[in-house]
Amino acid sequence: MGGRPFADRVDAGRALAARLLRDGVVSPEEEVVVLGLPRGGVVVAAEVAAALGGLLDVLLVRKVGLPIQPELAMGAIAAVGDEIETVRQENVLITAGVDDETFEAARAQEVAELRRRAEAYRDGRPPVPLEGRHVVVVDDGLATGATMRAAIAALRRRQPARITVAVPVGSPTACRTVAAGVDEVVCLWAPPDFAAVGQGYRNFRPTTDDEVRAALTGARPASAGSAGASDAG
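Quick caveat, the model's predicted, so the values are computed rather than measured.

**Q** Explain the side chain of T207 to me, and be specific about the residues and the numbers.
**A** Locating T207 in the fold gives a position in the loop between strand 8 (184-189) and helix 7 (209-216). Residue class for T207 comes out buried when judged on its relative accessible area of 5%.

Below you can see the structure in the form of structure tokens.
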């Protein structure tokens, strides 16, 4: 495998579904809701939902990146419905010397983008009801875990019966941090030398809005197998 266990997000999603069934995290008779984090996580989630026979939806989340290093999360926001949940990465904020005004300005930009994506991806479709259901939250990977923790905080407002986080690759530290807030975390590959989510994929090009929409409506994106760069935080 050349050190990279997954060919692409489609391959990762199928492997993730197989593990969830094999380990009994999800039973074949159980109706689950699979929520994908945009963009790349939705492509993974579509494969998981198809294999599990679950309902697929999107959980809107945005990383709030450092102004001088946007790929590094200093926080994250997420929405299930109209409420916005915010998670701050205090260690990153302190180390980078980011003040509250700077954080709030960056957060406001991401809120605007989150609202745009909600309109673009849902196309008028209402969210899938989550109350009392087993919800499997899927991303293409966990780096800092900030976006996933924001997603979980927003999700809890909908009172699911059980929350499972499922990712193909992640930082061991992020996986442990996220595990504290959910019923179970399934991570297929958490290398001790983790540096970035992309190191788990042989093909990791950016996922487009069109690919997300296609996945959510049940159509296989033409380039899903080559979809790439992550919003994972």
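After that view, the rundown keeps rolling.
**Q** Could you give an account of the state of the cysteines, with specific residues and numbers?
**A** Tallied over the entire structure, the rule returns zero disulfides. With no disulfide partner, C187 has as its closest neighbouring cysteine sulfur the one in C175, 3.6 Å distant.

**Q** Mind laying out the pattern of salt bridges, listing which residues take part and the relevant values?
**A** Scanning the entire structure with this criterion turns up 16 salt bridges. One salt bridge in this structure joins E113 and R116, with 2.7 Å as the shortest N-O distance. Here the residue E113 and the residue R116 both occupy positions in helix 4 (residues 100-122), the gap between them amounting to three residues, near one helical turn. We classify R116 as partly exposed; its relative accessible area is 34%. Residue R117 is joined to E113 by a salt bridge in which the shortest nitrogen-to-oxygen separation is 3.1 Å.

**Q** Outline empty space enclosed by the protein, supporting the account with residue identities and numerical values.
**A** What the rule picks out here adds up to two cavities of 30 Å³ or more. What the largest cavity holds in volume is close to 70 Å³. Lining the largest cavity are 11 residues, with D57, V58, V80, R122 and P127 sitting closest to its centre. Here the lining of the largest cavity is built from residues that sort into eight nonpolar, one polar and two charged.

**Q** Account for the sheet that holds strand 4 (residues 69-79), naming residues and giving values.
**A** Strand order in the open sheet formed by three strands is 3-4-5, and the pairing between neighbours is antiparallel. Only two strands of the sheet have a single partner each, and these edge strands are strand 3 (60-66) and strand 5 (84-88). Adjacent strand axes in the sheet meet at a mean angle of 35° when their direction is disregarded. Across seven bridges, the pairing between strand 3 and strand 4 is antiparallel. Within the sheet, the bridge partner assigned to L60 lies in strand 4 and is A79. Helix-sheet contacts for helix 4 involve strand 3, strand 4 and strand 5, and the interaxial angle to strand 3 is about 150°. With respect to the sheet, helix 5 (residues 146-156) is in contact with strand 3, strand 4 and strand 5, its orientation differing from that of strand 4 by roughly 5°.

Cut-off values and rules
Residues numbered from 1 in each chain as written. Predicted model: local features only at pLDDT ≥ 70, side-chain atom pairs only at ≥ 80, totals over all residues. Heavy atoms only, no water. Helix = DSSP H or I, 4+ residues; strand = E, 2+ residues; numbered from the N terminus. Buried < 20%, exposed > 50% of the residue type's maximum accessible area, 1.4 Å probe, protein only. Disulfide = S-S within 2.5 Å. Salt bridge = Lys/Arg side-chain N within 4 Å of Asp/Glu carboxyl O. 1 Å grid on protein atoms, 1.4 Å probe; cavity = no way out; pocket = protein on both sides within 12 Å on 5 of 7 lines; lining within 4 Å. Points joined across faces, edges and corners; volume = space filled by probe spheres on them. Nonpolar A, V, L, I, M, F, W, Y, C, P; charged D, E, K, R; others polar. Pairing = 2+ DSSP bridges. Axes fitted to C-alpha atoms, helices over the stretch in contact; angles between N-to-C directions. Contact = heavy atoms within 4.5 Å.

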